[in-house]
Amino acid sequence: MNFVKVKNYQQMSRQAANIISAQVIVKPNCVLGLATGSTPVGAYKQLIEWCKKGDVDFSSVVSVNLDEYVGLDGSNDQSYRYFMNENLFKGINILPENTFVPSGIAQNIEEECKNYDQHIKDLGGIDLQLLGIGVDGHIGFNEPADCFEKNTHLVKLHESTIEANSRFFENKEDVPKEAVTMGMMSIMQAKKILLIANGKNKEEILNKALFGPVTPQIPASILQLHNDLTVIYSEE
Ligand code: PGA
């Protein structure tokens, strides 16, 4: 594991953006696994800037996102599809048809999950997976559980996740209670993983996840078993 501690959010974002652009430069038709949340916003801003300057070209890149709330369609400003369009896709030259986010409104969620996994397989897997970490140790929306879930699946969000994400909603009651998330298999089969975290409130869980026992009670702890993991952490 490559653990990098940096001074502030800006440095974390810049370094993450550097790693992502390096991936795109080395393999222009790479598959990027992308994440939502407040942590990656700065990295996405940086990528938009570099793309506008012509330093990085996303025209052959394919992206697959980790997760989506159940019940929200892409036009809902709280959906992760909307988030990705606004915070990254609109600002770079990726082709909209090459961006994939699981559907939270599929008639048959089980089928949607299966198709999502198959799609990732058909793409040849993920070259670089970007991850944040939840205060309960979740990655994507893989919440603490008795076992690691392998495949894309429907998940009930834990109270701490609903609480943490309520900051983006008008009322806590508006936070969806369920989500669809990529499972551990697609994440762990990514050739490279980049985990970014910032803020004192992430320090304890990050320590447990990276240096404690590997346990599904702390889903991110499985990342210790990956052989190309980079973690960038800023306390600020
Ligand atoms: P955050 O979320 O970036 O908004 O802190 C991280 C996560 O829940 O994975």
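Heads up: the structure comes first, above all this text.
Every chain is numbered independently, its residues counted from 1 as its sequence is written. With pLDDT at 70 or above as the cut-off, local features in this predicted model cover only qualifying residues; side-chain atom pairs require 80 or more to be listed or tallied, and sums for whole chains, interfaces and linings still use all residues. Values shown for side chains rest on all heavy atoms present in the structure; no hydrogens or waters enter the calculation.

Asks: Where do I start with the pairing of strand β3 (residues 62–65) in this structure?
Replies: One face of the sheet, then the other: side chains in a regular strand alternate in exactly this way. Each residue gets one of three labels from its accessible area relative to the maximum for its type: buried under 20%, exposed over 50%, partly exposed in between, using a 1.4 Å probe on protein chains only. The way it works is that DSSP assigns letters per residue, a run of H or I at least four long becomes a helix, a run of E at least two long becomes a strand, and they are numbered from the N terminus. In β3, alternate side chains face the same way, and those of Val62 and Val64 on one face and Ser63 and Asn65 on the other are all buried. Bridge count for strand β2 (residues 31–34) against β3 is four bridges, and the pairing is parallel. By the bridge assignment for β3, Leu34 is matched with Asn65. Whether a crossover is right-handed depends on one test, that the path from the first strand over the helix to the second runs clockwise when the strands point away from the viewer. As a crossover connection, the stretch from β2 through helix α2 (residues 41–52) into β3 is right-handed. Relative to strand β5 (residues 99–100), β3 is paired through two bridges, and the arrangement is parallel. Considered in β5, the bridge of Val64 is made with Phe100. When DSSP locates at least two bridges between a pair of strands, those strands are taken to pair.

Asks: Looking at this model, I keep getting lost on empty space enclosed by the protein. Mind explaining?
Replies: Take a probe with the size of a water molecule and roll it over the atoms, and the empty space left behind shows itself. Detection works on a 1 Å grid of protein atoms alone, calling trapped sets that fit a 1.4 Å probe cavities and calling open sets with protein on both sides within 12 Å along at least five of seven lines pockets, with lining residues defined by an atom within 4 Å of a point. Grid points are joined across faces, edges and corners, and a volume is the space filled by probe spheres set on the points. In this structure the tally under the stated criterion is one cavity of 30 Å³ or more. Computed from the structure, the largest cavity encloses a volume of approximately 30 Å³. Together, Ile20, Leu32, Leu34, Tyr44, Leu47, Phe58, Leu88, Ile92 and Ile94 line the largest cavity. Those elements giving two or more residues to the lining of the largest cavity turn out to be β2 and α2.

Asks: Mind showing me how you'd approach the environment of Leu225 here?
Replies: Within the fold, Leu225 resides in the loop between α7 (203–211) and β10 (229–234). Leu225 gets classed as exposed once you look at its relative accessible area, which sits at 60%. A sequence separation of 172 residues divides Leu225 from Lys53, and the C-alpha atoms of the two residues are 37 Å apart.

Asks: Quick question: what am I supposed to make of the site of the ligand here?
Replies: The cutoff for a nearby residue is simple: one of its non-hydrogen atoms must lie within 4 Å of the molecule or strand. Taken together, Gly37, Ser38, Thr39, Gly132, Ile133, Gly134, His138, Arg167 and Lys202 form the complete shell of residues around the ligand. Take Thr39: an N or O atom from its side chain is 2.4 Å from an oxygen atom of the ligand. Per-residue and other accessible areas were derived by the Shrake-Rupley procedure at a 1.4 Å probe size, with only the shown protein chains allowed to occlude residues. Considering the ligand on its own, with 280 Å² of exposed area, one finds that the protein chains cover 85% of that surface. To be counted as sitting in a cavity or pocket, a molecule needs more than half of its atoms within 2 Å of that site's grid points. In this structure, the ligand is accommodated by the largest pocket. Residue polarity is assigned by list, with Asp, Glu, Lys and Arg as charged and Ala, Val, Leu, Ile, Met, Phe, Trp, Tyr, Cys and Pro as nonpolar; anything else, Gly included, falls into the polar class. Of the residues contributing to the shell around the ligand, the split by class is one nonpolar, six polar and two charged. Definition of a polar contact: a pair of N or O atoms within 3.5 Å, with one able to donate and the other able to accept a hydrogen when the atoms are protein atoms, and with sequence-neighbouring residues admitted only if both atoms are side-chain atoms.

Asks: Is there a simple way to explain the sheet that holds strand β7 (residues 153–156) in this structure?
Replies: In any sheet, the strands associate via hydrogen bonds between backbone groups, in a parallel or an antiparallel arrangement. Overall, antiparallel pairing links the three strands, which are arranged β4-β8-β7 in an open sheet. Strand pairing shows two members of the sheet lacking a second neighbour, β4 (67–69) and β7, which therefore form its edges. Neighbouring strand axes in the sheet, compared pairwise and without regard to direction, differ in orientation by 25° on average. When β7 meets strand β8 (residues 178–181), the two strands line up antiparallel, connected through four bridges. Bridged to His153 within β8 is Thr181. Between N-to-C directions, angles span 0 to 180 degrees; the directions come from axes that are lines fitted to C-alpha atoms, helices contributing only their stretch in contact.

Asks: In this structure, what is going on with the packing of aromatic side chains? I would like to understand it.
Replies: Centre distance and the angle of the planes are the two values used to describe a pair of aromatic rings. Aromatic rings from Phe, Tyr and Trp, taking only the six-membered ring of Trp, are treated as a pair when their centres fall within 6.5 Å; an angle between ring planes under 30 degrees marks them as stacked, one over 60 as edge-to-face, and anything in between as tilted. Per the stated rule, a full pass over the model turns up five aromatic pairs. Plain terms: the ring middles of Phe3 and Phe211 are 6.1 Å apart, the flat faces sit at 65° to each other, and that makes the pair edge-to-face. Of this pair, Phe3 sits in strand β1 (residues 2–6) while Phe211 sits in helix α7, and the two are 208 residues apart along the sequence. Its relative accessible area of 53% is what places Phe211 among the exposed residues. Consider the rings of Tyr80 and Phe141, whose centres lie 5.9 Å apart with planes at 20°: the pair is stacked. Placement of the pair is Tyr80 in helix α3 (residues 80–87) and Phe141 in the loop between β6 (128–131) and β7, with a sequence separation of 61 residues. Neither Tyr80 nor Phe141 differs from the other in exposure class; each is buried.

Keep in mind these numbers describe shape, not what the thing actually does.
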